[in-house]
Amino acid sequence: MSYKRILLKLSGEALMGERQYGIDPKTLADYASEIKQIHDQGVEIAIVIGGGNIFRGVAGASNGMDRVQGDYMGMLATVINGMALQGALEDAGMPTRLQTALKIEAIAEPYIKRRATRHLEKGRIVIFGAGTGNPYFTTDTAAVLRGIEVGCDVILKGTRVDGVYTADPEKDTNAVKYDTITFDDVLAKGLNVMDTTAFTLSQENKLPIIVFDMNKKGNLLKICNGETVGTTVTI
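Note that the coordinates shown come from a computational prediction; the quantities given were computed from them, not determined experimentally. (Residues numbered from 1 in each chain as written. Predicted model: local features only at pLDDT ≥ 70, side-chain atom pairs only at ≥ 80, totals over all residues. Heavy atoms only, no water.)

## A word on the overall build of the protein chain
Within the protein chain, the secondary structure is distributed over 8 helices and 11 strands. Its C-alpha atoms give the protein chain a radius of gyration of 17 Å, within 12% of the compact-globule value 18 Å for 235 residues. Oriented by its inertia axes, the alpha-carbon framework of the protein chain measures out at about 50 × 50 × 35 Å. The buried share of the protein chain, reckoned over its 235 residues, is 49%. When contacts within the protein chain are restricted to residue pairs at least 6 apart in sequence, those whose partners lie at least 24 apart make up 70%. Put simply, the protein chain has 26 plus and 28 minus side-chain charges, and the middle of one group is 5 Å from the middle of the other. (Helix = DSSP H or I, 4+ residues; strand = E, 2+ residues; numbered from the N terminus. Rg over C-alpha atoms; globule rule 2.2 N^0.38 Å. Buried < 20%, exposed > 50% of the residue type's maximum accessible area, 1.4 Å probe, protein only. Contact = heavy atoms within 4.5 Å. Lys, Arg positive; Asp, Glu negative; His and termini not counted. Charge placed at Lys NZ, Arg CZ, Asp CG, Glu CD.)

## Considerations on the UniProt feature "binding site: UMP" (unreviewed entry) in the protein chain
Those residues carrying the UniProt feature "binding site: UMP" (unreviewed entry) are Gly-51, Asp-71, Thr-132, Gly-133, Asn-134, Pro-135, Tyr-136, Phe-137, Thr-138 and Thr-139 in this numbering. From the set just named, the residues that line the largest pocket comprise Gly-51, Asp-71, Thr-132, Phe-137, Thr-138 and Thr-139. Following the sequence through the fold, Thr-138 ends up in the loop between strand E5 (125-129) and helix H5 (139-149). At 3.3 Å, the side chain of Thr-138 and the backbone nitrogen of Asp-140 are in polar contact. Note on placement: Thr-139 falls in helix H5. If sequence neighbours within four positions are ignored, Thr-139 has contacts with Lys-9, Val-48, Ile-49, Gly-50 and Thr-78. (UniProt positions renumbered as here; feature names shortened; annotations may be inferred. 1 Å grid on protein atoms, 1.4 Å probe; cavity = no way out; pocket = protein on both sides within 12 Å on 5 of 7 lines; lining within 4 Å. Polar contact = N/O pair within 3.5 Å; in protein donor to acceptor, adjacent residues only side chain to side chain.)

## Comments concerning the pattern of salt bridges
Taken as a whole, this structure holds 11 salt bridges when the rule is applied. Two residues, Lys-26 and Asp-30, come together in a salt bridge whose shortest N-O distance is 2.9 Å. Within this pair, Lys-26 and its partner Asp-30 are both found in helix H1 (residues 25-39), separated by 4 residues, close to a single helical turn. Exposure remark for Asp-30: the relative accessible area of 31% places this residue in the partly exposed category. For Glu-121, the salt bridge is made with Arg-118, and the minimal N-O distance between the two is 3.2 Å. Here Arg-118 and Glu-121 lie together in helix H4 (residues 113-121), a separation of 3 residues that amounts to about one turn. (Salt bridge = Lys/Arg side-chain N within 4 Å of Asp/Glu carboxyl O.)

Pasting the structure below:
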């Protein structure tokens, strides 16, 4: 495997599958199957998942809700998704631990860096829930932060599109995909890979990002095998 330890970032919206909201059990099972392929090859896997399929703090704030309150609600949504994904992974035979930035001892361990690292060393998958535990920070930022803390080799951002394009491929049919691009070029061209805080944090710590289509079977294994899939953002 090209990577020993990865941080897989999944969007909450991806868990909806064909639904309008909530969690699609088939999508969960499909993701668990993809993750199992690389787990069986010995890759150490940490996961951060968003909560947009249940609640988004920014959306709540735009409708008059207090932003801080909304963000905490969004953090709880990521915990729900984390529990669902944990169940799917364990059903597929993979030992999994859910750690949260907010203390919810009845259902998850509190986030402790050394404990998380030890779980990874023992071959357990670790899901990080509740973002950073602070309002005004996205799960993208949480993914990069946790990836740096536990010593991941790369951030794998699974999305609905197959990489980074010159423009939005869903709106512009002439958009061209990049196979590789530097952090500086992403910023210079105003491309959208992650939110600015997460992207800058990744750049400062020289942690590469690979953006790829998580819904295409085999992509995750191909990336970990060193094949060119999606777009790699490098220093």
